[in-house]
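Spelled out from the first residue to the last, the chains are:
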Amino acid sequence: MEQLFTIGQLSKLFNIKVPTLRYYDEVGLLKPAKINNKTHYRYYSTQQFERLNVITYLRALDLPIDAIKQFFDARDINKLEAMLREQKLQVQKQITALENIDRRIDARINQVEDAVNSIWDKIEIVDLPAIPVVYLDEDYRPNDDIELPIVTLRKRFGLDKNIFLGKIALAVSKENLLREQFDSYNGLLLILEPGDSGDATGTLSAGKHIRLRFHGTHDTAAIQYQKLLQYCQKHNFEISGPAIETALIDYGITDDFDKYVTEIKFPIKDN
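Residues numbered from 1 in each chain as written. Predicted model: local features only at pLDDT ≥ 70, side-chain atom pairs only at ≥ 80, totals over all residues. Heavy atoms only, no water.

Moving on, we come to the pattern of salt bridges. Summed over the entire model, instances satisfying the criterion amount to eight salt bridges. Measuring nitrogen to oxygen at the nearest pair gives 3.1 Å for the salt bridge that ties Asp25 to Lys31. A relative accessible area of 47% places Lys31 in the partly exposed class. Notably, a salt bridge pairs Lys208 with Asp270, separated by 3.2 Å at the nearest N-O pair. Linking Lys208 in strand β9 (residues 207–215) with Asp270 in strand β12 (residues 261–270), this pair joins segments that are 62 residues apart in sequence. Counted as one network, the salt bridges with shared partners bring together Asp114, Arg213, Glu263 and Lys265. (Salt bridge = Lys/Arg side-chain N within 4 Å of Asp/Glu carboxyl O. Buried < 20%, exposed > 50% of the residue type's maximum accessible area, 1.4 Å probe, protein only. Helix = DSSP H or I, 4+ residues; strand = E, 2+ residues; numbered from the N terminus.)

Encoded structure:
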């Protein structure tokens, strides 16, 4: 006499939840060998074990239910091979996406550590590499709502689905910098980081830069710009490009205003 197993017994044997087995029945993937007409209890035979093993294996490979049904309907080696090759491509894409996320996380950890361990209120001369950016040519003032321009920037360049997108920075043109007009920004930048998708529309120039990091925000940046200009005049440096102002630590990371960190830098050259 054929041995039958209840859905509960099958669940324990294969470590598969009962609702999952019921769902397999509902979609026609694994029908019970017998259903009691009075109690509606489902019973399974050992002949279905192999099919359930295959289902479990294919689900472990993250194949969708519809694809598994198609395989069982066809029962064809070529069909299975094609399914597995397609799934391999999807897995490779997931691996690439996770590697990109991992690089973004590493970059963000390094940025936070760098910001926290910064030397405050000290003017530095640093040699920086070229940095890829996406640029939005839009005027902005410190009291304006910056979130809308950021959304606009991401939408325009198809970056709205990116995770852990790069830092947002503000640009002060060389002309405004020399006029000491620090309360008017001429553009908004999205600094692309390792692992970010999307194409850069420009770069921040490589070479010698003057840099200052301080506790505070855009609202307290004017005096810091003046310090940098005075330093350039004293040491006979020529400003060769726009200033880039970046909130390294702000309300997006902490509610403690005393821990906010802002960086100002711009390219220079010797006269």
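What follows covers the side chain of Arg211. Within the fold, Arg211 resides in strand β9. Not counting the four nearest positions on each side in its chain, Arg211 is found in contact with Lys122, Ile123, Glu124, Val126, Leu228, Glu263, Ile264 and Lys265. (Contact = heavy atoms within 4.5 Å.)

What follows deals with the packing of aromatic side chains. Taken as a whole and assessed by the stated rule, the structure comprises six aromatic pairs. Each ring, one from Phe71 and one from Phe72, has its centre 5.3 Å from the other, and the planes form 55 degrees; the classification is tilted. Of the two residues examined, Phe71 and Phe72, each falls in the buried class. Note on Tyr231 and Phe237: the rings are 6.4 Å apart at their centroids and 25 degrees apart in plane angle, and the pair reads as stacked. The buried category is assigned to Phe237, whose relative accessible area is 15%. (Phe/Tyr/Trp six-rings, centres within 6.5 Å; stacked < 30°, edge-to-face > 60°.)

As a further point, take the pairing of strand β7 (residues 187–191). For β7, the buried fraction is high: five of the five residues fall into the buried class. Neither face of β7 is open: one carries Gly187, Leu189 and Ile191, the other Leu188 and Leu190, and all of them are buried. Here four bridges tie strand β5 (residues 131–136) to β7, and the two strands are oriented antiparallel to one another. Its bridge partner being in β7, Val134 is matched across the sheet by Leu190. Where strand β6 (residues 168–172) and β7 come together, four bridges link them in antiparallel fashion. When the bridges of β7 are listed, Leu170 appears paired with Leu188. (Pairing = 2+ DSSP bridges.)

Keep in mind that these numbers describe shape and distance, not what the molecule does.
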